[in-house]
Amino acid sequence: MSRFSPLPVAFYRRSCVEVARDLLGRYIVRRLDGARLIVRIVETEAYLGEGDRASHAWHGRVTRRNATLFKPGDVAYVFLIYGMYNCFNAVTQAGGEGAAVLIRAGSPVAGESEMARRRALRREARPGDLAGGPGKLCQALGIERRHDGGPLRRAELRVTGGDPAAPGEIVSGPRVGVDYAGEAAGWPLRFAIRSDPHVSRPRL
DNA sequence: TCGACGATCATCT
DNA sequence: GATGATCGTCGAG
């Protein structure tokens, strides 16, 4: 598999946690107004589905907002958070389970100046400024609600083979921003490439 | 119909 | 460390 060919459907139809780890190092390739924006995924979080209180699929509840979560793997789940930012997920597993992987951070590979423009940075970019957080990443890559439900294998937006992280350089810890989720808040479902400067805060 | 809230971020102190 | 921005969605009424 080459760095720029889309990951096959079968890649996503595995356990959510497995996919979350395997997505580290892969590329998100975004075609936008003739430009090509690329980031390498350096941080992910697994959201397991109905048994996971932090998941939008908690309790198996299906609503208009989260319907995409229950599709079979290989589609994007994009939702608006705090009225201002989007979050980009890859839906995983066979379908009907509500399992997905949140893409929390990426390291810019190509199109940095366009990303900086989209992020409206007022100062020189420091590591993590462009895509070091789920909201930032979507802003930098122009990922919006209209991508919700779309396959991750289109020219407009795709996830490709990239430069996968070695298992030994993967670290894990509790997920960010889910303190309300009781026991699930402590589950080590956040994954990142060790010491990568573009990983979001708090650092793992 | 309405009130509460969130898988965040930038900008303060 | 604390706070305000900002709005679609959900579930209660």
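Residues numbered from 1 in each chain as written. Chains lettered and ligands numbered in written order. Predicted model: local features only at pLDDT ≥ 70, side-chain atom pairs only at ≥ 80, totals over all residues. Heavy atoms only, no water.

A. Up close: the protein's contact with DNA strand B. In the region of DNA strand B, 20 residues are neighbours, and His56, Asn89, Arg119, Gly135 and Tyr180 sit closest. In DNA strand B, atoms within 4 Å of the protein come from the sugar-phosphate backbone in 52% of cases. The backbone of Gly135 places a nitrogen or oxygen atom 2.9 Å from a phosphate oxygen of DNA strand B. The side chain of Tyr180 places a nitrogen or oxygen atom 2.4 Å from a phosphate oxygen of DNA strand B. (Near = heavy atom within 4 Å. Polar contact = N/O pair within 3.5 Å; in protein donor to acceptor, adjacent residues only side chain to side chain.)

B. Summary view of unusual backbone geometry. Cis rather than trans, the peptide bond between Arg201 and Pro202 has omega equal to -5°. Examined against the element boundaries, Pro202 turns out to sit in the segment after strand E8 (190-193). Unusually for a residue other than glycine, His59 sits at a positive phi of about 70°. Residue placement: His59 occurs in the loop between strand E2 (35-47) and strand E3 (76-81). Residue classification places His59 among the exposed residues on the basis of a relative accessible area of 58%. The phi angle at Asp74 is positive, at roughly 100°, despite the residue not being glycine. If you trace the backbone, Asp74 turns up in the loop between E2 and E3. Residue Asp74 is classed as buried on the basis of its relative accessible area of 8%. (Helix = DSSP H or I, 4+ residues; strand = E, 2+ residues; numbered from the N terminus. Buried < 20%, exposed > 50% of the residue type's maximum accessible area, 1.4 Å probe, protein only.)

C. Up close: the packing of aromatic side chains. The final tally for this structure, using the stated rule, is 3 aromatic pairs. Here Tyr77 and Phe79 contribute two aromatic rings whose centre-to-centre distance is 5.3 Å and whose plane-to-plane angle is 35°, an arrangement assigned as tilted. Of the two residues, Tyr77 and Phe79, neither departs from the other in class, the shared state being buried. Between Arg14 and the ring centre of Phe11, over which it is positioned, the NZ or CZ distance is 4.7 Å. Stacked on the ring of Tyr47, the Lys or Arg Arg175 has its end atom at 4.7 Å from the ring centre. (Phe/Tyr/Trp six-rings, centres within 6.5 Å; stacked < 30°, edge-to-face > 60°. Lys NZ or Arg CZ within 6 Å of the ring centre and 35° of its normal.)

D. Quick look at the protein's contact with DNA strand C. Taken together, Arg61, Thr63, Arg64, Arg65, Leu80, Tyr82, Gly83, Met84 and Arg145 make up all the residues around DNA strand C. A distance of 2.6 Å is found between a phosphate oxygen of DNA strand C and a side-chain nitrogen or oxygen belonging to Arg61. Residue Arg65 places a main-chain N or O atom 3.1 Å away from a phosphate oxygen belonging to DNA strand C. Grouping the constituent residues of the surface near DNA strand C by class yields 3 nonpolar, 2 polar and 4 charged. (Nonpolar A, V, L, I, M, F, W, Y, C, P; charged D, E, K, R; others polar.)

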